[in-house]
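This is what each chain is made of:
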Amino acid sequence: MGIYRYEQVTIFTCSLCAFNTTGNSGKNNLHARRIEGIDKNIWVDFTQLAADYKVVNLGQGFPDFSPPSYIQEALCKAVNGGCSMHQYTHAFGHPPLVSILAKFFGRVVGHEIDAFEDILVTVGAYQALFCTFQALVDEEDEVIIIEPFFDCYQPMVKMAGGKGVYVPLRPVSSRVEGGKALTSADWVLSSEELASKFNPRTKAIVINTPNNPLGKVYKREELQVIADLCIKHDVVCISDEVYEWLTYDGAKHVKIASLPGMWERTVTIGSGGKSFSATGWKVGWAIGAGPIVKHLKTVHQNSVYHCATAAQEAVAQGFQREYELFGTPESYFLQLPEMLNQKRKKLATCLESVGLQPILPEGGYFMISDISSLKVDLNDPSTQDEPHDYRFVKWLIKEKGLATIPVSAFYSPEHRKDFQNYIRFCFVKEDSTLNAAEDILRKWSDLK
Amino acid sequence: MNITRRTLSSACRLININCIRNISCSQCAMTSSRHTNSKRIEGLDKNVWVAFTSVAADPTIVNLGQGYPDIPPPAYVKEALANAAAVDKLNQYTRGFGHPSLVKALSQVYGKVYGHQIDPFKEILVTVGGYGSLFSTMQALVEVGDEVIIIEPFFDCYVPMVRMAGATPVLIPLRLRSNKETSSVSSADWVLDPEELASKFTSKTKAIIINTPNNPIGKIFTKGELQTISDLCIKHDTLCISDEVYEWLIYKGHQHIKIGTVLTSKQMSTLPGMWDRTITISSAGKTFSVTGWKLGWSIGPEHLIKHLQTVMQNTLYTCPTPLQEAVAQGLLRDYELMGRPECYFSSLAVELEGKRDRMAAILQDVGMSPIIPEGGYFMCVDVTPLNEDLSHMGDDEPYDYRFVKWMIKEKKLAAIPVTAFCGDASKKQFEKYVRLCFIKQDSTLDAAEAILKNWNK
């Protein structure tokens, strides 16, 4: 805690350790209770590990190829675009950006979206999630989270004082027994189990479609089941749709907000970083009915207040172009999934050939693979107490130079132990990276 | 079309006219009361900037309101951003707590300023502006039921951030020295009463926030004043949150202070016993005149910074990469030049001092007595000599709010009311003051001068 008595002659500038004070017992825990138990973070741990070892990195979800040139040019143009590009813009979103987002998504969902009432621009979709939870979740509210889930939902709900209630997607057993290769479509919710999670304390449900890490793209009927429950129980739906353009094999992305009765209770979250393969720009948004979005704005104006102007301008330019080219072959929102589809198939083939059972994703950036059939001597004592997939991933990094992410990180603390046999690969990588991964896996397979 | 409508309707709300209902409410269906805001943001939706900054979109208004430059940032900083944007991997995620080249550059610059090594990975957190650092600090360290001492006038976000953390703001005003004639007042003449300050510390006091140079008054706390504060922090085992976003903008004051003593702004953390209990907050936006980049940083001991990092990883995770890289490049360039006139940290202060003096002269020429700031880029002035009777505007708002709204409408000149920066109990003390931002082009200052000269015409 670093609090020491002034009267001590030796001034101990202590940047590492803490001294308890006498008295003032309330001060012994310097940090606020709201951050209790949310200090561990898989990305901090695993990206450090990937950096420490020379690895082929199929771990964290970001492209290692360049964003489309027109978007990089748009940023350069914004940078050279005069004084106002470098100064504060409107707090809730740079006007050209919110205007084009309203126009673009209004056309997608089929009704008018008000640029200044229904949209909040945030520092990545991550901050949109944070604003949503902080704005709407109170102490002891329950939030239903479908597993596996992007890991930040759980600590964010906790930080808002809420309670995560988990319901897992499960592989449909008949497909498994039939020996067919699993796809993410084979992982489904039990409607009864889902319904049983709703109660008067339920404030919200979080869905993520396409899903990270599984890649599931929820069908309209599946979303309807969720929507019916939201309406019946008067619950808010938080729909994380950052991978909305990335669907494969004819899977269609459906926005739950477009279902009847859902616009007024849904916050839909999107990402410039994922849309334009520029994750480092950190431009995201929340779109929803004004009366709900205004609460997100209150959080935003009391936390970061503005987002960077030039990046927003560039994303606006990107959407302007995509608005005009939507549905045509020149649209990046068609070209990107086409390109990624090839990579998806390439990785799946490679994993199958070395005995790692992939679950073919219908959408998104990632593929998960069942490692239960692999027999590996994980003789690293430093990871002894960790779940099997964590140990395996660390071993794979250190011994084989290949980085992935353990899937139990995407499960609740309660269910983690039941899902320790999957690892997640990101295939949004240059072919050379995927080839290098393939080499490693083949060599390893040959050794066995 | 949307933008014009929005600006117009905001301006209409601003000047209290029955205005166009700006939005069709087809999507504002009756929502259930269950979809109301969480308790933590209850009452925090009002914000002076949301009310006044729509004014910035109207080019006919001379805007000395919100604090951002209309002068260009230095060319090398813009070039650094353009260069970064062209590098593929700089368009992807970087390290959550701060891009490595940036935290290393910060470690160099501030290591020099503090006179001791600063660990780039453990003692620095990069945030979305100084604002983001304030938020991370409050969320990390301020508990429900705590008290946080805030000195008035204060940058307005401190109070709602303290409240959002469930704590109680405890306010104490700076006061004009009683023996001071009003004809030539400096921000140094606005001081704390040490006994009054001591009385604000209780067993619940978790932290005190100081802002030096201060926004809006421009005060630079002296070593003696900081010593008084630090003695109380140590006695009561309190944290100190030191908002130093204007750290480089230090002017020659009534006492002759050499620009080299910019290091005195760091004294809070270098006073004995203070490093371990202080978070110091800075801003790239204010340092490089790029407020729209929204990058800032917190520096402090590991045992405190680690909690801010926990907040960061659960709120927005990482800041934009190309912007961080560009700020790193800017810092490295100016690090080499530190202490020399070509260093932007010095040259900006020199340029702004000229504008400060010009702004003061403009106000004095029309009979007003500005508070000459020792630092920062704002000037507060008592508008009483202008003798505007605004009783026709009702009395539900403090005088300065009415004055600013009236001035925007009638004189096309924007400022910010200083009671936005104080609590209710101090409103009477500050309600005749408005804040003017002078980090503006000469043509903007010329236009302001013309308006003031023609005031009574």
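An unreviewed UniProt entry lists chain B under the name Kynurenine--oxoglutarate transaminase 3, with Oncorhynchus mykiss given as the organism. Annotation of chain B in UniProt includes, under Subunit (unreviewed entry), the sentence "Homodimer." Taken directly from UniProt, the Pathway (unreviewed entry) text for chain B runs: "Amino-acid degradation; L-kynurenine degradation; kynurenate from L-kynurenine: step 1/2."

Chain A has the name Kynurenine aminotransferase 1 in an unreviewed UniProt entry, where Oncorhynchus mykiss is given as its organism. What UniProt records for chain A under Cofactor (unreviewed entry) is the sentence "pyridoxal 5'-phosphate".

A. Region of the structure containing the overall build of chain B. Looking only at helices and strands, one finds 16 helices and 16 strands in chain B. The proportion of buried residues among the 457 residues of chain B is 64%. Contacts spanning at least 24 positions in sequence make up 71% of the contacts within chain B whose residues lie at least 6 apart. Carbon and sulfur atoms make up 53% of the accessible area of chain B, which amounts to about 16400 Å² in all.

B. A look at helix H12 (residues 321-337) of chain B. Residue and element names in this part refer to chain B. With 17 residues, H12 extends 25 Å from end C-alpha to end C-alpha; this agrees with the ideal 24 Å at 1.5 Å per step. Counting buried positions along H12 gives 12 out of 17 residues, so the element sits mostly inside the fold. Three or more residues of H12 are buried, namely Thr321, Pro322, Leu323, Gln324, Glu325, Ala326, Val327, Ala328, Gly330, Leu331, Asp334 and Leu337. The positive-phi residue at the C-terminal boundary of H12 is Gly339, with phi of around 90°.

C. Inspection of the interface of chain B and chain A at higher detail. At the interface, 96 residues of chain B touch 100 residues of chain A. Taken over both partners, the interface formed by chain B and chain A buries close to 8500 Å², and the fraction arising from carbon and sulfur atoms is 54%. Viewed at the interface, chain A and chain B are joined by 2 salt bridges. Close ionic contact of B:Lys39 with A:Asp138 constitutes a salt bridge, the shortest N to O distance being 3.7 Å.

D. The arrangement of the state of the cysteines in detail. Residue and element names in this part refer to chain A. All told, the structure shown has 0 disulfides over all chains when counted by the stated rule. Residue Cys76 stays outside any disulfide, its sulfur separated by 18 Å from that of Cys83, the closest cysteine. The closest cysteine sulfur to the non-disulfide-bonded Cys152 is located on Cys131, 12 Å from its own sulfur.

E. Just unusual backbone geometry, in detail. A cis geometry characterises the amide bond from A:Glu147 onward to A:Pro148, with omega recorded as -5°. Note the cis peptide between B:Thr212 and B:Pro213, where omega equals -10°. Assignment of secondary structure puts B:Pro213 in the loop between strand S8 (205-211) and helix H8 (223-236). Phi at A:Lys282 is positive, roughly 55°, even though this residue is not glycine. By the secondary structure assignment, A:Lys282 is in the loop between helix H9 (272-275) and strand S10 (284-288). Given the relative accessible area of 8%, A:Lys282 is considered buried. Despite not being glycine, B:Asp237 shows a phi value in the positive range, around 55°. By the element assignment, B:Asp237 lies in the loop between H8 and strand S9 (239-243). When its relative accessible area of 7% is taken as the criterion, B:Asp237 is described as buried.

Conventions and cut-offs
- Residues numbered from 1 in each chain as written.
- Chains lettered and ligands numbered in written order.
- Predicted model: local features only at pLDDT ≥ 70, side-chain atom pairs only at ≥ 80, totals over all residues.
- Heavy atoms only, no water.
- UniProt positions renumbered as here; feature names shortened; annotations may be inferred.
- Helix = DSSP H or I, 4+ residues; strand = E, 2+ residues; numbered from the N terminus.
- Buried < 20%, exposed > 50% of the residue type's maximum accessible area, 1.4 Å probe, protein only.
- Contact = heavy atoms within 4.5 Å.
- Areas by Shrake-Rupley, 256 points an atom, 1.4 Å probe, with all protein chains shown as cover.
- Expected span 1.5 Å × (residues − 1).
- Buried area = accessible area lost by both parts, 1.4 Å probe.
- Salt bridge = Lys/Arg side-chain N within 4 Å of Asp/Glu carboxyl O.
- Disulfide = S-S within 2.5 Å.

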